[in-house]
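Inside the fold
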Amino acid sequence: MEERLSAAFPDADFILSNDSARHHGHAGDDGSGESHFSLRITWAGFAGQNRIARQRAVNKALGDLPGNRVHALAIKATAPGE
């Protein structure tokens, strides 16, 4: 995921956290330890975009990972200074 995010959002600052251990035994936990993630990303290109547009951009960058290998992804996307 980090490679895809870096390629799609040049010069972005992001923190991708694997939260899977906190969801062990919950729906979507496939036992891989890579099912639930949270992302905090700040990128200048998000300026002027609403929350939905930002989340769509992140999901597009990740392609087939959300909903396929990744069960849940919490996204906090901001522009610098927000």
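All values derive from a computational prediction rather than experimental measurement.

Some thoughts on the side chain of Arg54
Here Arg54 is to be found in helix α2 (residues 51-62). Among all residues touching Arg54, those that are not within four sequence positions of it are Phe46, Ala47, Gly48, Gln49, Ala77, Thr78, Ala79 and Glu82.

Here we look at the side chain of Asp19
Tracing the backbone shows Asp19 in the loop between β1 (13-18) and β2 (36-42). Excluding residues within four positions of it along the chain, Asp19 makes contact with His36, Phe37 and Ser38.

Some details on the environment of Phe46
With respect to the secondary-structure elements, Phe46 resides in the loop between β2 and α2. The exposure class assigned to Phe46 is buried, which follows from its relative accessible area of 0%. Once residues within four sequence positions are removed from consideration, Phe46 is found in contact with Phe9, Ile41, Arg54, Ala57, Val58, Ala77, Thr78 and Ala79.

Focus on the pattern of salt bridges
Tallying each qualifying case throughout the model produces two salt bridges. Asp64 serves as the salt-bridge partner of Arg4, at 3.2 Å between the closest nitrogen and oxygen. Within this pair, whereas Arg4 is found in helix α1 (residues 2-8), its partner Asp64 is found in the loop between α2 and β3 (72-78), the two being separated by 60 residues in sequence. Under the relative-accessibility criterion, Arg4 is labelled partly exposed at 36%. Taking relative accessible area as the criterion, Asp64 reaches 47% and is therefore assigned partly exposed.

Thresholds applied
Residues numbered from 1 in each chain as written. Predicted model: local features only at pLDDT ≥ 70, side-chain atom pairs only at ≥ 80, totals over all residues. Heavy atoms only, no water. Helix = DSSP H or I, 4+ residues; strand = E, 2+ residues; numbered from the N terminus. Contact = heavy atoms within 4.5 Å. Buried < 20%, exposed > 50% of the residue type's maximum accessible area, 1.4 Å probe, protein only. Salt bridge = Lys/Arg side-chain N within 4 Å of Asp/Glu carboxyl O.

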